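# Secondary and tertiary structure notes
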Amino acid sequence: MLSRTADCLYWMARYTERAENTARMLDVNYQTSLLPQPSEYRDQSWRKLLTISKLEPAFLASHSQMNQESILRFMIADANNPSSIVSCLRAARENARAIRGRITSELWETQNTTWLELTQLLTKQDYADPSSLLDWVKYRCHLSRGVMHGTMLKNEAYYFMRIGTLLERADNTARILETKYQDPASLRQLKPIHDITEEADSAFFDFYHWAALLRSVSAYEIYRQIYSDQITPQKAAELLIFNQQMPRSLRYCVGDLIVLLGEIRNQNSKEIERLIGKLQADLDYSDINEVFHMGLEEFTKQFLKRINHIGDELSNAYLIPLAVA
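The sections below set out a description of the structure shown in this document. (Residues numbered from 1 in each chain as written. Predicted model: local features only at pLDDT ≥ 70, side-chain atom pairs only at ≥ 80, totals over all residues. Heavy atoms only, no water.)

On inspection of all chains with the given rule, the structure shows 2 cavities of 30 Å³ or more. Lining of the largest cavity is provided by Met-12, Ala-13, Thr-16, Glu-17, Leu-107, Gln-111, Cys-141, Ser-144, Arg-145, Met-148, Met-161 and Thr-165. At the level of elements, α1 (3-33), α6 (105-122), α7 (131-151) and α8 (156-181) are the ones that each hand at least two residues to the lining of the largest cavity. Taken together, the residues of the lining of the largest cavity break down into 6 nonpolar, 4 polar and 2 charged. Volume-wise, the second largest cavity comes out at about 30 Å³. Forming the walls of the second largest cavity are Ile-163, Leu-167, Leu-257, Leu-261, Ile-272, Ile-276, Ile-310 and Leu-314. Going through the elements one at a time, α8, α13 (250-263), α14 (270-284) and α16 (296-318) are the ones with two or more residues in the lining of the second largest cavity. (1 Å grid on protein atoms, 1.4 Å probe; cavity = no way out; pocket = protein on both sides within 12 Å on 5 of 7 lines; lining within 4 Å. Points joined across faces, edges and corners; volume = space filled by probe spheres on them. Helix = DSSP H or I, 4+ residues; strand = E, 2+ residues; numbered from the N terminus. Nonpolar A, V, L, I, M, F, W, Y, C, P; charged D, E, K, R; others polar.)

Below, the structure written as structure tokens:
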């Protein structure tokens, strides 16, 4: 397969997954912002979303105020933001158009219709309540992925699309964990707990905070099936990091990447296989106690560094050099 073709397939899938995961990150931030909390904490939560996405400088260059509505507009509809939902879905459609001969007509029509409908929705979008739009984005991305699974040959084209999807998914699951994990602690620093009532309120907030996070990655019902217990940070993090059957867990994504990279192995892939093999081994022989001893934020930072390095090596080995995310 030509590098240009592989590049378009990979980025079409990766941009589609990025749009969905941006919607998921915005949704969990919006849902937790509705909980009773100090205004300082709410503002800090939105700022951290930009920081984790490395978009704070770009945002401040074009906005004088940092508030919920301006950040939602920037992350959803700003064409100058390469990570906004509108930019991702446009890029996914352009990559699909460039290789229409290598994908099915159903997949192309799904990508094209998503883009056309999005442009119409954005003309009347109310950013005070983005829930319906974010749900629509997630649905259209699910539809695209389902059409890909149901209509594409399971050959190199399919493998590159799956690799792009899984790399982006692993990256975003880690970012969601990093974005939201320390927020309850940050709240308690802003408003120290002085009595049993306040401690109970804090536990109440933690529960709904983690429930919203699990819902943002379609894991709330899965958590209930596996643990049948109260939601705790340790168990929620364990599910999203180590569960091999959870489709958005880090371990699931890395395990599937190992298999897919074996399908496209060539003389340039030895370093990629070494890196992903080491990452899988670290996940296989670690547990949640070790992660929390290290610090979940530090763990996710290290994971993001490693998974992004693997993505860079993949681009060098298979795709067009210096491809821009």
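Next up on the list: the side chain of Thr-114. Mapped onto the fold, Thr-114 is located in helix α6. Exposure remark for Thr-114: the relative accessible area of 5% places this residue in the buried category. At 2.9 Å, the side chain of Thr-114 and the side chain of Arg-140 are in polar contact. Beyond its immediate chain neighbours, meaning those up to four positions away, Thr-114 contacts Leu-89, Trp-136 and Arg-140. (Buried < 20%, exposed > 50% of the residue type's maximum accessible area, 1.4 Å probe, protein only. Polar contact = N/O pair within 3.5 Å; in protein donor to acceptor, adjacent residues only side chain to side chain. Contact = heavy atoms within 4.5 Å.)

Another aspect to go through is the pattern of salt bridges. Inspection of every chain in the model, using the stated rule, returns 22 salt bridges. Two residues, Glu-56 and Arg-47, come together in a salt bridge whose shortest N-O distance is 2.5 Å. Using a relative accessible area of 38% as the deciding quantity, one classes Arg-47 as partly exposed. Across the pair Lys-235 and Asp-229 runs a salt bridge, and its minimum N-O distance is 2.8 Å. Overall, Lys-235 belongs to the partly exposed group, its relative accessible area being 25%. Connected through salt bridges with shared partners, the residues Glu-17, Glu-20, Arg-24, Arg-145, Arg-169 and Arg-248 form a single ionic network. (Salt bridge = Lys/Arg side-chain N within 4 Å of Asp/Glu carboxyl O.)

So, about the environment of Asn-266. Among the secondary structure elements, Asn-266 is positioned in the loop between α13 and α14. Along the backbone, Asn-266 and Ala-317 are 51 residues apart, and their C-alpha atoms lie at a distance of 8.9 Å. Within the structure, Asn-266 has its side chain in polar contact with the backbone nitrogen of Asn-268 (distance 2.7 Å).

For any pair of aromatic rings, the description rests on two quantities: the centre-to-centre distance and the angle between the ring planes. Under the criterion given, the structure shown has 6 aromatic pairs. Ring centres of Phe-59 and Phe-74 lie 5.3 Å apart, and the angle between their planes is 80°; this geometry places the pair in the edge-to-face category. Here Phe-59 is found in helix α3 (residues 56-62), whereas its partner Phe-74 is found in helix α4 (residues 68-77), with 15 residues between them in sequence. Across this residue pair, the class does not change: Phe-59 and Phe-74 are buried. Aromatic side chains Tyr-223 and Tyr-227 sit 4.8 Å apart centroid to centroid with 40° between the ring planes, which places their arrangement in the tilted category. (Phe/Tyr/Trp six-rings, centres within 6.5 Å; stacked < 30°, edge-to-face > 60°.)

On to the side chain of Ser-33. Note that Ser-33 resides in helix α1. By relative accessible area, which is 7% here, Ser-33 ends up buried. Separated by 2.5 Å, the side chain of Ser-33 and the backbone oxygen of Tyr-30 make a polar contact. In contact with Ser-33, not counting residues within four places along its chain, are Arg-42, Trp-46 and Gln-68.

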